[in-house]
6 protein chains.
Amino acid sequence: MTRILVINPNRSTACSAGISTAIEPFRFAAGPALDVVTLEDGPPAIYTWRDWHAAVAPLCQRIERETADAFIIACASDPGLEAARSVTTRPVFGIFRSAVAAAVARAERFGVIAIVEASKARHRAALRAIGLEGRLAGEVALNITMESLLEPLTAAQALIAAGQAVADMGAETIILGCTGMAHHRAALQAAIGLPVIEPVQAAVGLALVAASPHWP
Amino acid sequence: MTRILVINPNRSTACSAGISTAIEPFRFAAGPALDVVTLEDGPPAIYTWRDWHAAVAPLCQRIERETADAFIIACASDPGLEAARSVTTRPVFGIFRSAVAAAVARAERFGVIAIVEASKARHRAALRAIGLEGRLAGEVALNITMESLLEPLTAAQALIAAGQAVADMGAETIILGCTGMAHHRAALQAAIGLPVIEPVQAAVGLALVAASPHWP
Amino acid sequence: MTRILVINPNRSTACSAGISTAIEPFRFAAGPALDVVTLEDGPPAIYTWRDWHAAVAPLCQRIERETADAFIIACASDPGLEAARSVTTRPVFGIFRSAVAAAVARAERFGVIAIVEASKARHRAALRAIGLEGRLAGEVALNITMESLLEPLTAAQALIAAGQAVADMGAETIILGCTGMAHHRAALQAAIGLPVIEPVQAAVGLALVAASPHWP
Amino acid sequence: MTRILVINPNRSTACSAGISTAIEPFRFAAGPALDVVTLEDGPPAIYTWRDWHAAVAPLCQRIERETADAFIIACASDPGLEAARSVTTRPVFGIFRSAVAAAVARAERFGVIAIVEASKARHRAALRAIGLEGRLAGEVALNITMESLLEPLTAAQALIAAGQAVADMGAETIILGCTGMAHHRAALQAAIGLPVIEPVQAAVGLALVAASPHWP
Amino acid sequence: MTRILVINPNRSTACSAGISTAIEPFRFAAGPALDVVTLEDGPPAIYTWRDWHAAVAPLCQRIERETADAFIIACASDPGLEAARSVTTRPVFGIFRSAVAAAVARAERFGVIAIVEASKARHRAALRAIGLEGRLAGEVALNITMESLLEPLTAAQALIAAGQAVADMGAETIILGCTGMAHHRAALQAAIGLPVIEPVQAAVGLALVAASPHWP
Amino acid sequence: MTRILVINPNRSTACSAGISTAIEPFRFAAGPALDVVTLEDGPPAIYTWRDWHAAVAPLCQRIERETADAFIIACASDPGLEAARSVTTRPVFGIFRSAVAAAVARAERFGVIAIVEASKARHRAALRAIGLEGRLAGEVALNITMESLLEPLTAAQALIAAGQAVADMGAETIILGCTGMAHHRAALQAAIGLPVIEPVQAAVGLALVAASPHWP
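The following paragraphs examine the structure supplied in this document. Bear in mind the structure is a predicted one, so any value in this text is a computation, not a measurement.

### Re the interface of chain F and chain E
Then step 1. With 40 residues of chain F at the interface, the matching set in chain E holds 39 residues.
Then step 2. Summed over both sides, the interface of chain F with chain E buries roughly 3100 Å², with 64% coming from carbon and sulfur.
Then step 3. Scanning the region where chain F abuts chain E turns up 0 salt bridges.
Then step 4. Counting across the chain F and chain E interface gives 8 residue pairs in polar contact (both at pLDDT 80 or more).

Okay, structure coming up:
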């Protein structure tokens, strides 16, 4: 049976639970298993470049220990993507690049909502790496903590304000720049009237196609 | 129930049958319906720019008549993508742009195998439109007909030679540049040792995620 | 005798008459004939992507029936340029690309005045295709009909306001984004103080040079 | 009466005579006067960057002394274009940028035939300035003198070999990279089967349109 | 002993004196000689494109007469860089390109403070030539004379306002766009809190490394 | 007294010794101290992406413990540059970006000699991050170990062959892609006849200028 392993590279189980909920719609009967694991020896959250690097060694070790048909690194700053790819022959997806790929397949320009100001530089770096910096209409940071983001209602208003801001900058689709924003997707999409892309969902869509060696 | 409608914009039912087979692995029990329809009033095949334009009016009419949660235009020259998007509020995916998106989410540079020389200009145009011309390692045309491509074994050797050629140009993943190549995917991947992306499959992966208005 | 055929791809004879007036200064004694024809089976006007595609089949048929040394497609969204080039060995010019070429030969950055919002996406697509998106200082849409544009005085004020807006965005030259704006060129140029490029005139300048097989 | 002044920025009257012959087809009865003048105090030819700079002071002085509706700087390295533009309010065209503009209005990629190796860097600089470096398929230098180029037959074979070389690199149109090549245009076009753009002719086409303040 | 020759391409000895002061910190005991010379037959200042060209002939002659291990052209519009490189086998640095190189080695985006509006076009041209136009966050011109800039205190306020303006545009480092601004560097850096790059100093840093043929 | 701290992020003291020798020419009497330290808890060498990440935590800790006016990360894959910048207010230079900056200040296109194939992807990533991928003429890998590189004579021939290869690809200057190549610089430069840039030296040149808060 095909297995797609989603690795939350921070050690927050609340965050992993949110990720698992976000991809629930893709757990089809007889479809690939979509397992979410938490990197217990990863950083508490990835706010800084040091956190970003600190996730990589445990991430690679975990990938080496696991058996899966595809791996997803479930943090919107794509930590350790090249390193992870070097320790497995199976496909590895970074969720930010996946979201950007989904966005440009869908519309001309996208906006990004970041959790903190510092995320912007990592997103810009990923956009340059993938060659799509020119498609970014704009990015707005909420500047709140992961915790406040995970609460059911808090942050919804801040997200909608940020979504409207990037729409005004010309975005035709909006990328949620942190996995903790997943449960706000439908409300944001309804409020702004633009497609809202949740990065783990985007990566699952790509991984479903890439995972199986048995497909025609 | 969620329905993804895949429209083959040429009138070849053999081609539609091949498309339907290609996406069979994504027809999950209780998953979205993946329906493939043939554009009876479309051109016999899309070899030329005139064919490309000729598909658009019937394509738009068909989309207006159908009810679906997402549409896929199943020709690797993405005919009428903007026009189709203007006649529905549901997501519309072009399979070439979808394949390119899947490719850059997977690796740095991709190659394309085209059915005829003239396809290259349409692919280049699509790459420029999406902003990813710089990621194309190279493209090689088979210069054979759709019919010879659809036969089970013929063309396999030509495809493998073309795949090796784009690999030698630096491609790290290979895009099949025509829907008629789908049944050669596994053999080509095995022969070259690089991921091979079948564009309709790539579009289905993106559409699965984009289709449902009910997802969280 | 050299003949340059200007094809208005919509079926408005009023529009064709305006085009013919615009290029009157280039009808030199013993110079090439500059003939303007109307595509009777073209769309009434080209406001949408469907209109844009609908013009192509009759356009190609007309080019196949005519004898000319060069062809000009006289709509500022360059419909069917590649298709037209595939049915003749003679040069074919799209007027938008011609205007952009004239603009970058003249100054660093240009602005565009569009007739409707939807034209912008077609202009952006053409700019990307030609590789000059980065030279666009800005584009402003009038959002009025072709008819109101063709009246002698109406729209002049809207054009001047739009021209000033793109000048403020850094444009050093201004492209009229619809053939129906031609008769406002001199007034706009006088009002703004920047060169104003009328696309059919620009294409005629290029076609004069490209047309003759007899030149040294 | 409208006057377009073509300034040969080197002091070779043989070169000026060739330029005048090249644009003879555009001297229409009752059309604009196309006058060619020689910069007597310019450099003997423009082979080096020092020659390139040395042409500028006399060029600007000449423009200040002359009355014309448009100016053309007739050297394919576009010397002093910005300086010339700063001393007149009338349009000033550099012939290389004009040729490139004509090329991209005509086809996707162009090749250039240079007179000497050192011209390539100036052409690349101009292409970067205009933003079209990415459209250059390739450039080949003849590495011969201006004099040998001006003889009726000599150099034809070298030109054809160079033209074939850039065609093989993917050029769909060919730019003659020196005014002394003008009289070879028709033969080269016939031999290679691609449009060949003579830069002074290209500039005349653009200047005809830009020159008149009286046009509608 | 290693000698780096800094050539002020305008004839202002006050300007040369300011340059010499700016690089005083790099005159190490037993380090390379850093000599500053004035181009007596250069233009009084480089405000226009004509001035820019006028500096080149005397600049090349001076380089041919001098013996040095590296040359620096000390004007922030990099006049005659290619010409200068063609008359010596020793390294030649333009100070604007040097400052831009130092800026991108230090941070992602830089701003520029120009002395006059007209300098901006020359800076943009240099950025395009070097391929780094995309890293310019913004440029602001003071629109004052060289003389008022050279006075000890005048202009400090204007510089700080301009520095703040480019910081607000996203600059993470600031380039002084004229050699006459050198003595304001420390005050500007203190006021804005961003690294301020003085172009002659930047070029000296690069020249120190490039100058010696004897280094390991 | 000004102090520039050069941190070798691998734990090889032989490598650090080579670095120290390479920058000896810049240790001027009364000039800044140029200290080289070894990261004892860094990886043995940086061959892989995992090594690259593994260097970052100890690197940041070291920077936090040290007092210096500027820091240089002396590995040609620029590990942890953004992280290092986040833990100090003093300038931090990555040697690869420094070498590229020095190269584009010196000439149009550069080549790179890599130690192993895998370095190329890290160099490409750095070039994209800095925006200068387009200036890379080519890169060639030696595919030998750090140890064999550090021996006095071994590897010289391989380096010269690689240097000639990138010269043939159009490089006008050559960057040594590993600190262990420093002692081959003069021989390579002599053999190929192009400027050869040693990255630690390049960074020292930039750091000398950036280090002092006291300079005018």
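### A closer look at helix α5 (residues 95-106) of chain D
Residue and element names in this part refer to chain D.
Then step 1. Over its 12 residues, α5 extends 16 Å from the first C-alpha to the last, a length consistent with the 16 Å expected when each residue adds 1.5 Å.
Then step 2. Of all the 12 residues making up α5, 12 are buried; the element is thus mostly covered by neighbouring parts of the structure.
Then step 3. The set of residues buried in α5 consists of I95, F96, R97, S98, A99, V100, A101, A102, A103, V104, A105 and R106.

### Focus on the sheet that holds strand β1 (residues 3-8) of chain C
All names here are of chain C.
Then step 1. One open sheet accounts for 4 strands, arranged β2-β1-β3-β4; its pairing is parallel. At either margin of the open sheet sits one strand with a lone partner, and together these are β2 (33-38) and β4 (92-94). Recorded for the sheet is a direction-independent mean angle of 20 degrees between the axes of neighbouring strands.
Then step 2. Across 3 bridges, the pairing between strand β3 (residues 70-73) and β4 is parallel. When the sheet's bridge partners are listed, I72 is paired in β4 with F93.
Then step 3. Docked against the sheet, helix α3 (residues 56-65) engages β1, β2 and β3, running at close to 160 degrees with respect to β1.

### Details of unusual backbone geometry
Then step 1. Unusually for a residue other than glycine, N143(A) sits at a positive phi of about 55 degrees.
Then step 2. Locating N143(A) in the fold gives a position in the loop between β6 (136-141) and α7 (146-150).
Then step 3. You will see that D78(B), though not glycine, has its phi angle at about 50 degrees, which is positive.
Then step 4. As for its position among the elements, D78(B) is in the loop between β3 (70-73) and α4 (81-86).
Then step 5. Classification of D78(B) by relative accessible area gives buried; the value is 2%.

Parameters at a glance
- Residues numbered from 1 in each chain as written.
- Chains lettered and ligands numbered in written order.
- Predicted model: local features only at pLDDT ≥ 70, side-chain atom pairs only at ≥ 80, totals over all residues.
- Heavy atoms only, no water.
- Contact = heavy atoms within 4.5 Å.
- Buried area = accessible area lost by both parts, 1.4 Å probe.
- Salt bridge = Lys/Arg side-chain N within 4 Å of Asp/Glu carboxyl O.
- Polar contact = N/O pair within 3.5 Å; in protein donor to acceptor, adjacent residues only side chain to side chain.
- Helix = DSSP H or I, 4+ residues; strand = E, 2+ residues; numbered from the N terminus.
- Expected span 1.5 Å × (residues − 1).
- Buried < 20%, exposed > 50% of the residue type's maximum accessible area, 1.4 Å probe, protein only.
- Pairing = 2+ DSSP bridges.
- Axes fitted to C-alpha atoms, helices over the stretch in contact; angles between N-to-C directions.

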